[in-house]
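Summary of the model geometry
Listed below are the residues making up each chain.
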Amino acid sequence: MHTRSPRADQRPFDTSHFRQALGQFATGVTVITTRLADGSFRGLTASSFNSVSLDPPLVLWSLATTANSMAIFTGNSHYVINVLSADQAHLAKQFATRGIDPWENTEYELSRTGQPILKGASAWFECHNRSRYPEGDHVIFVGEVELCEFSPSPPLIFHSGQFGSLG
Ligand SMILES: Cc1cc2nc3c(=O)[nH]c(=O)nc-3n(C[C@H](O)[C@H](O)[C@H](O)COP(=O)(O)O)c2cc1C
């Protein structure tokens with residue numbers, strides 16, 4: 001159901017205040033990766049990952065409409081959601097920085113469908129690109145998990161704009 005949002009100049013808070021409130025919700029950090037038709041790879045850091053359904057196994061994440069990779073993630077049939085380990089904050093920064101090659105010195109292996117899986121990730125989910133829902137300035141992607149794996153490495157945490165770890 002859609003409700004009409006109040007106009008920006010009528011809301012009792014601004015975007016910065018909203019961001020700060022959202023920052024109190026501690027999350028893990030993922031890098032979403034996929035392979036292009038020419039064999040090159042694409043990836044970006046995303047903390048918007050969450051679970052949706054156990055049966056069928058569905059997950060979601062959201063991508064800004066301004067992202068350079070929007071056309072790629074809209075068009076590709078598969079992607080991998082890599083949950084970063086506590087010692088992979090450098091990858092979170094690399095894959096959130098435009099104008100550099102985040103794959104340089106990044107170790108990965110290939111999934112069954114040829115998607116890059118980051119070495120050392122705490123968990124990964126290979127997803128079929130099932131559906132997409134444009135909302136506001138993001139598009140919500142729902143992925144159907146075809147394969148997943150996890151390791152005992154503790155996860156990277158993102159909270160209040162800072163990277164950290166549990167404990
Ligand atoms: C911790 C963290 C979490 C992020 N989460 C998201 C996210 O969930 N969705 C999104 O669109 N961008 C997110 N970003 C920003 C993108 O990683 C960044 O804008 C990236 O450069 C986009 O790449 P592209 O424009 O080449 O597609 C996040 C950045 C950081 C550092």
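Everything here concerns the structure above.
1. Re the environment of Ser40
Assignment of secondary structure puts Ser40 in the loop between β2 (30–35) and β3 (41–46). For Ser40, a relative accessible area of 30% corresponds to the partly exposed category. Sequence spacing of Ser40 and Ile117 is 77 residues, and the spatial spacing of their C-alpha atoms is 14 Å. In this view, Ser40 contacts Thr34 and Arg35; residues no more than four positions away in its chain are not counted.

2. A look at the nonpolar core
One finds Ile32, Trp61, Leu63, Phe73, Tyr79, Ile81 and Phe141 to be the most contacted residues of the largest nonpolar core, which totals 18 residues. For this core, the secondary-structure elements that each account for two or more residues are β3, β5 (58–64), α2 (70–75), β6 (78–83), β9 (123–135) and β10 (138–150). Counting 11 residues, the second largest nonpolar core, distinct from the first, contains Val29, Ala89, Leu91 and Phe95.

3. Some details on a nonpolar patch on the surface
A contiguous nonpolar surface patch, about 290 Å² in accessible area, is contributed by Phe13, Phe18 and Leu22. Mapped onto the secondary structure, Leu22 falls in helix α1 (residues 15–23). Overall, Leu22 belongs to the partly exposed group, its relative accessible area being 48%.

4. Describing the sheet that holds strand β12 (residues 162–165)
The sheet built from three strands is open, its strands ordered β1-β11-β12 with antiparallel pairing. In the strand order of this sheet, the two ends are held by β1 (27–28) and β12, each with one partner. Note: β1 against strand β11 (residues 156–159), two bridges, orientation antiparallel. Pairing of Thr27 across the sheet is with Phe158, part of β11.

5. Quick notes on the sheet that holds β2
Strand order across the open sheet formed by seven strands is β3-β2-β6-β9-β10-β5-β4, with antiparallel pairing between neighbours. Among the strands making up the open sheet, the edge pair consists of β3 and β4 (50–53). For this sheet, the mean inter-axis angle between neighbouring strands, taken without regard to orientation, is 35°. The sheet contact formed by β2 and β3 spans six bridges and is antiparallel. Bridging across to β3, Val31 finds its partner in Thr45.

What counts as what
Residues numbered from 1 in each chain as written. Predicted model: local features only at pLDDT ≥ 70, side-chain atom pairs only at ≥ 80, totals over all residues. Heavy atoms only, no water. Helix = DSSP H or I, 4+ residues; strand = E, 2+ residues; numbered from the N terminus. Buried < 20%, exposed > 50% of the residue type's maximum accessible area, 1.4 Å probe, protein only. Contact = heavy atoms within 4.5 Å. Core = buried A, V, L, I, M, F, W, Y, C linked by side-chain atoms within 4.5 Å. Patch = residues over 30% accessible without salt bridge, like charges linked within 9 Å, V, L, I, M, F, W, Y side chains within 5 Å. Areas by Shrake-Rupley, 256 points an atom, 1.4 Å probe, with all protein chains shown as cover. Salt bridge = Lys/Arg side-chain N within 4 Å of Asp/Glu carboxyl O. Pairing = 2+ DSSP bridges. Axes fitted to C-alpha atoms, helices over the stretch in contact; angles between N-to-C directions.

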